[in-house]
Amino acid sequence: MKTNKMVLIWIAVLSLLLCDVSSAGMLNNPQQLASRYTVSHQSVKISDYLVSEKLDGIRARWTGEELLTRTGHAISAPEWFTQSWPGKMLDGELWLGRGKFEETASIVLSDTPDERWRTITFMVFDMPQSKQTFEKRVDEIKRIIAKTKSSALMAIPQYGLDTHEALQAALTKITDAGGEGLMLHYRHARYTHGRSSHLLKLKKHEDSEAKVIAHIKGKGKFKSMLGSLLVQTAEGIQFKLGTGFSNEERLHPPHIGQWVTYKYYGYTGTGKPRFASFMHVRPQKDLQHNIRASTETVPKKTAQETQQ
């Protein structure tokens, strides 16, 4: 009995120590996530926010010594790319240009860096360890980058707008030019860990990830190609993606087991994404841990559905 009690005590002690370590890690390495801009936000004062373009690149963090993905994987950047960068933690996006997510991912997530890195820029949008308000953090980012004088390091332009009409006009201008959307950051907000109500993303569509569980053959002009993908979300919802593919992607579709990003416009009455359309493959290294660990098994009905 005494032995069993001692084991339980040690388990309890170790659990507390692990909690402390985990909490410390969160405090030392916070990650702020954006909330979605909704109709309810149309009553807020837009001039209280700084607005920037939402970039479709690979989110990364400069720790002061190395670049990491949002899930903590080391990014194999060339030494010259981060040369002379500051010893401060910076949040940003490794970016090549609008509509070039897959090309960006193939460059920055490769274990063997090459000369293509010269086309990449680290677009900085925040400083996780600063205790200042966002408006002051933006000024600090500008000063740091100006002092660094690195062509690979830039601050994402932040600007103010006065009305919701001006915000919608800016969104239209960005999306018409091939951009993804806008970010709104409350000027007086402090950096916090987790989903923040002071950081909003505004897009004309929503997007999410799902796992490919089957290929469905095409019909008509797509008879010899992919017709659609049967996919499953992390929550277990299955649906078909049949649009958004190029002919090349239909000939060489994402593999079963890969995760893809799709865009959609709300939900149907059965809870499935409405007008879902394929966007691109989501690299394994760039997936959130909870998504990567989910839907590990392919449902038995998948094999039958591929014949449809």
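Here the structure is shown first, and the text comes after it.
Only a predicted model underlies this, so the values are computations on that prediction, with no experimental measurement involved.

So, how was this worked out
- Residues numbered from 1 in each chain as written.
- Predicted model: local features only at pLDDT ≥ 70, side-chain atom pairs only at ≥ 80, totals over all residues.
- Heavy atoms only, no water.
- Helix = DSSP H or I, 4+ residues; strand = E, 2+ residues; numbered from the N terminus.
- Buried < 20%, exposed > 50% of the residue type's maximum accessible area, 1.4 Å probe, protein only.
- Contact = heavy atoms within 4.5 Å.
- Areas by Shrake-Rupley, 256 points an atom, 1.4 Å probe, with all protein chains shown as cover.
- Pairing = 2+ DSSP bridges.
- Axes fitted to C-alpha atoms, helices over the stretch in contact; angles between N-to-C directions.
- Arc of directions from axis to C-beta.
- Polar contact = N/O pair within 3.5 Å; in protein donor to acceptor, adjacent residues only side chain to side chain.
- Expected span 1.5 Å × (residues − 1).
- Phe/Tyr/Trp six-rings, centres within 6.5 Å; stacked < 30°, edge-to-face > 60°.

Novice: Quick question: what am I supposed to make of the overall build of the chain here?
Specialist: Scanning the chain from terminus to terminus reveals seven helices and 14 strands. Taking all 308 residues of the chain together, the buried fraction comes to 46%. Across the chain, every contact between residues at least 6 apart in sequence was considered, and the portion connecting residues at least 24 apart equals 71%. Approximately 17000 Å² of the chain is accessible, and the part contributed by carbon and sulfur atoms is 55%.

Novice: Just checking my understanding: could you explain the sheet that holds strand β7 (residues 153-155) for this structure?
Specialist: Strand pairing in a sheet relies on backbone hydrogen bonds. The paired strands run either parallel or antiparallel. With mixed pairing, the five strands of this open sheet are ordered in space as β4-β3-β5-β6-β7. Each end of this open sheet is capped by a strand with a single partner; those strands are β4 (67-69) and β7. Recorded for the sheet is a direction-independent mean angle of 40 degrees between the axes of neighbouring strands. Bridge count for strand β6 (residues 121-126) against β7 is three bridges, and the pairing is parallel. Across the sheet, residue M123 finds its bridge partner in β7, namely M154. Relative to strand β3 (residues 58-62), helix α2 (residues 101-108) is tilted by about 40 degrees, and along the sheet it contacts β3 and β5 (90-95). Relative to the sheet, helix α3 (residues 134-148) contacts β6 and β7, its axis offset from that of β6 by approximately 150 degrees.

Novice: Would you mind showing me how to read α2 here?
Specialist: Since there are 3.6 residues in each turn of an α-helix, residues three or four apart along the chain are aligned in direction. Buried within α2 we find F101, T104, A105, I107 and V108. The buried residues of α2 occupy one face: seen down the axis, they fall within an arc of 165 degrees. The secondary structure elements touched by the buried residues of α2 are β3, β5 and β14 (277-282).

Novice: I keep staring at the environment of T71 and nothing clicks. Help me out?
Specialist: Note that T71 resides in the loop between β4 and β5. Placed 216 residues apart in sequence, T71 and L287 show a C-alpha to C-alpha distance of 7.1 Å. In this structure the side chain of T71 is engaged in a polar contact, spanning 3.0 Å, whose partner is the side chain of T69. A distance of 3.0 Å separates polar atoms of two side chains, one belonging to T71 and the other to H73.

Novice: So what exactly am I meant to see when it comes to α3 here?
Specialist: Taking 1.5 Å of rise per residue, 15 residues should cover 21 Å, and α3 covers 21 Å from first to last C-alpha, within 8% of that figure. For α3, every residue scored as buried is listed here: F134, R137, V138, E140, I141, I144, I145 and T148. Taken down its axis, α3 places every buried residue within 165 degrees of arc, on the same side. Of the residues in α3, the exposed ones pointing more than 90 degrees away from the buried face are R143, A146 and K147. Packed against the buried residues of α3 are β2 (49-54), β6, β7 and β8 (181-186).

Novice: How should the packing of aromatic side chains be read in this particular structure?
Specialist: For any pair of aromatic rings, the description rests on two quantities: the centre-to-centre distance and the angle between the ring planes. Inspection of every chain in the model, using the stated rule, returns ten aromatic pairs. Measuring from ring centre to ring centre gives 5.0 Å for F239 and Y262, while their planes differ by 70 degrees; the resulting arrangement is edge-to-face. On the criterion of sequence distance, the pair formed by F239 in strand β12 (residues 238-241) and Y262 in strand β13 (residues 259-264) is long-range, its members being 23 residues apart. Among the residues examined, F239 registers a relative accessible area of 6% and is labelled buried. Centre to centre, the rings of Y262 and Y264 are 5.6 Å apart; their planes meet at 40 degrees, and the pair counts as tilted. In this structure, Y262 and Y264 share a single accessibility class: buried. Three or more aromatic residues joined by ring pairs make a cluster, and in this case those are W62, W80, F81, W85, W117 and F122.

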